Amino acid sequence: MEALVNTAKKLLIHSFGRNSYEEACNSLKRCVEGLTPEELCILESDPNLNNKYINFVNVVDSPSFAISVFVIPTGLKLPLHDHVGMTVITKVLWGELDVDSFDFIEQDKFVCHHMGGDGLQYPPFTMRAGDCHLFYPFRENLHEFKARKRCAIVDFMWPPYNPAEDRDCHYFISQPNPDSSRKNIDNAKVVYLKRIPCPPSFYTQSIPYGGRRPFLSF
Ligand SMILES: [Fe+2]
């Protein structure tokens, strides 16, 4: 955690050196890969975790980046949502997670994030304990996470959600798109991503972070 926060401060806030976006992604991903359930105090056997609902733990919430943990009971899901202009690194701490990811096709993605639009659906994949995945502003920016087995994931994201800077979280459903003249691209299938309000079935219960908070003076 300390390595992750120090690297984030160095690369995302102070921008020491001439690091490219790709180098920042790689360095930060290595740090996220090193996070453990023990240091985040998210153990599978923890009796404080609610097994009926999705548990949410706010670990770090700074103006430049955020670290959050979700514990998802088997069969429940984080509905299809976006991260406008954000990069997200997700690690599975324990359990198994099915991932469906999407992008908008239109050039003006910003409008699509508000209104919906034609999208691409990438092949689904499963993440297991220890797996780490990067979701980019330009690839797999929208995704749905469904717990194949009860699981805990940690998300490192930058910049964080901030509605005041037009980085709110929007929700969608994926629909077939028989009208589109667009062809499937690579392995990705053309769909329509319809904007919806936050699904009423999506409920998270916040629980306090039990680990040591990193030193966050900037
Ligand atoms: Fe997400």
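Preceding this section is the structure that the text describes.
To keep things clear, this report deals only with the structure shown in the data block. (Residues numbered from 1 in each chain as written. Predicted model: local features only at pLDDT ≥ 70, side-chain atom pairs only at ≥ 80, totals over all residues.)

### Here we look at the nonpolar core
For the record, the criterion: Connectivity within a nonpolar core runs through C-beta atoms within 7 Å, and the core itself is a set of buried Ala, Val, Leu, Ile, Met, Phe, Trp, Tyr and Cys residues. Counting other C-beta atoms within 10 Å of a residue's C-beta gives its exposure: the residue is buried at 20 or more, exposed at 12 or fewer, and partly exposed in between, where C-beta atoms are placed from the backbone. What counts as a helix is a DSSP run of H or I of at least four residues, what counts as a strand is a run of E of at least two, and both are numbered from the N terminus. Once C-beta atoms are placed from the backbone, any two residues with those atoms within 7 Å are in contact.
Residues Val 69, Ile 72, Leu 97, Ile 153, Val 154 and Phe 156 are the most contacted members of the largest nonpolar core, which totals 34 residues. For this core, the secondary-structure elements that each account for two or more residues are α1 (2-13), α2 (21-33), β1 (54-61), β2 (66-72), β4 (87-104) and β8 (142-158). Among the elements that make up this core, the one with the highest residue count is β8 (7 residues). If near-sequence neighbours (up to four positions away) are discounted, Phe 156 is found in contact with Leu 4, Leu 28, Val 32, Phe 65, Ile 67 and Ile 89. Core analysis: the next-biggest nonpolar cluster, separate from the first, contains 9 residues, Phe 102, Phe 104, Leu 120 and Leu 142 among them.

### What about α1?
Inclusion rule: Working rule for helices: expected span equals 1.5 Å times residues minus one. This arc corresponds to the set of directions leading from the helix axis out to the C-beta atoms.
The end-to-end C-alpha separation of α1 is 15 Å, in line with the 16 Å expected for 12 residues at 1.5 Å each. Here α1 has its buried residues at Leu 4, Val 5, Ala 8 and Leu 11. Along the axis of α1, the buried positions cluster into a sector of 145 degrees, meaning they face one direction only. Looking at the buried residues of α1, the elements they touch are α2, β1 and β8.

### Let's talk about the environment of Ser 64
In this fold, Ser 64 is placed in the loop between β1 and β2. Note: C-alpha distance between Ser 64 and Pro 124 (60 residues apart in sequence) is 30 Å. Beyond its immediate stretch of four places on either side in the chain, Ser 64 contacts Leu 12, Ile 13, Trp 158 and Pro 159.

### Things to note about unusual backbone geometry
With omega at -20 degrees, the peptide bond leading from Trp 158 into Pro 159 counts as cis. Here Pro 159 shows up in the loop between β8 and β9 (171-176). One non-glycine residue with positive phi stands out, namely Cys 41, at about 55 degrees. Even without glycine at this site, Asp 166 takes up a positive phi of about 60 degrees. With respect to the helices and strands, the residue Asp 166 is situated in the loop between β8 and β9.

### Re the pairing of β8
Note on strand geometry: in a regular strand, side chains alternate between the two faces of the sheet. So the rule is basically this: Two strands qualify as a pair provided DSSP detects at least 2 bridges between them.
Across 7 bridges, β2 lies against β8 in antiparallel orientation. In the strand pairing of β8, Phe 70 is matched with Ile 153. Bridging between strand β3 (residues 77-81) and β8 involves 3 bridges; their strand directions are antiparallel. Looking at the pairing, Lys 77 lines up with Lys 146 of β8.

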